[in-house]
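Secondary and tertiary structure notes
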Amino acid sequence: MHERIKNILVPTDFSNSAKNALEVGIALAKRHSAQLHILHVIIPQYISYIGEADIPYDNWNDLEKISKNRLLETSKSIIKKHKINVVNFIDIGIVSESIEKYASKLHIDLVVMGMNGMRGINEHFVGRNTFQVIKNAICPVFAIPEKFSKSSFQQVLFPIGNTSANVDFDNYWALKNMIPSDDLEIDLLGISRFEDYETSDRVKEKVSELSNFIKKDGLKASFQNIFCDNITSFILEYASINQSDLIVINPNIDSDWEKYVLGNNMRKIINQAQCPILLIKPMFSNLLTIEKNTLNYSNQN
């Protein structure tokens, strides 16, 4: 099923955060035998900086030439070292719009991008770029924090709320498709609001069902159920304490979680998470579910 990942896009501004995202993108491209696309967007409204040099460039032709040379050097190094196919592209415009346009036009299956970066631009603007891509992309998005230096994932935090059980199973299949590893340890976290006992019972049942399913599928799974009011802060703190390598989120959620994923709290997660976030779009997970069911039906016949 991991053959579906054929094109991986890594936007870069040559920051440390983008470099970390590129390492993750390379590892995933190798694992899936996918083509790696590296995109750099020049922002005409702002002074841009190249790499670590604090020298502003306002001549866009020179800046484009410098960026092309740097991308070419990067791609040559990747091809030589990792033996994968690499495509480079330079665009001038709004970062999030350029990423969305490229992802749609080139049939990108996965976007891997840094949570921080964009030297000379404040944190809110950076969070907004990543947030807009996550919100609007039609494919899954990996958001990689600046200080995360791994290229593989083992300890996965999997929050579960009051959604359809199919959503959680779809998330699991999508996760397994993108990160096919027998070493995954999935930490299922059932979350309900204080004193909402009716919802809590449903969440507990879902968590237990998915945990049993994951174990039967040959992977490690642990679970617990909690009550809290501030979902965002709790997930960030839980992931930090338990040293999670990855947080998996799906925006196909109930109204209580909508604020957490699609509002300002998502920006908080983008700017403060110490581990990557994988946001799985419902459209993608539904395709995998159809494929999974087709495979299961074929095996039964």
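Residues numbered from 1 in each chain as written. Predicted model: local features only at pLDDT ≥ 70, side-chain atom pairs only at ≥ 80, totals over all residues. Heavy atoms only, no water.

Some points on the overall build of the protein chain
Note the cut-off: Note on conventions: DSSP H or I runs of at least 4 residues are helices, E runs of at least 2 residues are strands, and numbering of each starts at the N terminus. For every residue, the accessible area obtained with a 1.4 Å probe (protein chains only) is divided by the maximum for its type, and the residue is called buried under 20%, exposed over 50%, and partly exposed between those limits. Contacts are assigned to residue pairs with any non-hydrogen atoms lying within 4.5 Å of each other. All accessible-area figures derive from a Shrake-Rupley calculation using a 1.4 Å probe, and residue coverage is judged against the displayed protein chains alone.
A count of helical and extended segments in the protein chain gives 10 helices and 12 strands. The burial tally for the protein chain puts 52% of its 301 residues in the buried class. Within the protein chain, residue pairs in contact and separated by at least 24 positions form 80% of the contacts whose partners lie at least 6 positions apart. When the accessible area of the protein chain is evaluated, it comes to approximately 14,600 Å², of which 47% is carbon and sulfur surface.

Some points on helix α3 (residues 95–105)
Spelled out, the test is: To obtain the arc, one takes the directions from the helix axis to the C-beta atoms.
Here α3 has its buried residues at Val95, Ser96, Ser98, Ile99, Tyr102 and Ala103. In an axial view of α3, the angular spread of the buried residues amounts to 165 degrees, which keeps them on one side of the axis. Turned more than 90 degrees away from the buried face of α3, the exposed residues are Lys101 and Lys105. His107, located one to two residues past α3, shows a positive phi value of around 55 degrees.

Let's talk about the confidence of the model for the protein chain
To keep things clear, this is the line we draw: Looking at any residue, its pLDDT shows the predictor's confidence there, from 0 to 100.
Per-residue confidence for the protein chain gives a mean pLDDT of 80; residues scoring 70 or more make up 76%. Ranking the elements of the protein chain by mean pLDDT puts helix α10 (residues 282–300) last, at 44, and strand β1 (residues 7–11) first, at 97. Segment residues 117–126 is flagged for pLDDT under 50; beyond a separation of four residues in sequence, or across chains, it makes 22 contacts in the model.

Focus: unusual backbone geometry
Of note, Phe14 is a non-glycine position whose phi angle comes to about 70 degrees, a positive value. Residue Phe14 is classed as buried on the basis of its relative accessible area of 5%. Notably, His107 is not glycine yet its phi reads approximately 55 degrees, a positive angle. Its location among the elements puts His107 in the loop between α3 and β6 (110–114).

Comments concerning the packing of aromatic side chains
Using the following cut-off: In this scheme Phe, Tyr and Trp rings, the latter by its six-membered ring, pair at centre separations within 6.5 Å, and the angle between planes marks the pair as stacked below 30 degrees, edge-to-face above 60, and tilted otherwise.
Per the counting criterion, the structure on display carries nine aromatic pairs. Here a set of aromatic residues connected by ring pairs shows up, and it is made of Phe169, Tyr172, Trp173 and Phe213.

A short note on the environment of Ser192
Within the element layout of this structure, Ser192 appears in strand β9 (residues 185–192). On a C-alpha basis, the gap between Ser192 and Asp229 in space is 8.2 Å, while along the polypeptide they are 37 residues apart. If sequence neighbours within four positions are ignored, Ser192 has contacts with Thr199, Ser200, Val203, Ile226, Phe227 and Cys228.

As for helix α7 (residues 231–241)
Among the residues making up α7, those that are buried are Ile231, Thr232, Ile235, Leu236, Tyr238 and Ala239. Taken down its axis, α7 places every buried residue within 165 degrees of arc, on the same side.

Concerning the environment of Ser96
Assignment of secondary structure puts Ser96 in helix α3. Put simply, Ser96 and Val41 are 55 residues apart on the chain and 9.2 Å apart in space, counted from C-alpha to C-alpha. If we ignore the near neighbours within four places in the chain, the residues touching Ser96 are Asn129, Gln132 and Val133.

Quick look at the layout of surface pockets
Here is the rule: Only protein atoms enter the 1 Å grid used here. Points where a 1.4 Å probe fits but cannot escape make up a cavity, open sets with protein on both sides within 12 Å along at least five of seven lines make up a pocket, and a residue lines them when an atom lies within 4 Å of a point. Grid points are joined across faces, edges and corners, and a volume is the space filled by probe spheres set on the points. Any residue outside Ala, Val, Leu, Ile, Met, Phe, Trp, Tyr, Cys, Pro, Asp, Glu, Lys and Arg is labelled polar, Gly included; the first ten of those are nonpolar and the last four are charged.
Roughly 270 Å³ of volume is contained in the largest pocket. Taken together, 14 residues form the lining of the largest pocket, with Lys19, Leu22, Glu23, Thr74 and Ile78 sitting closest to its centre. At the level of elements, α1 (16–32) and α2 (60–82) are the ones that each hand at least two residues to the lining of the largest pocket. The element best represented in the lining of the largest pocket is α2, accounting for seven residues. Grouping the constituent residues of the lining of the largest pocket by class yields six nonpolar, four polar and four charged.

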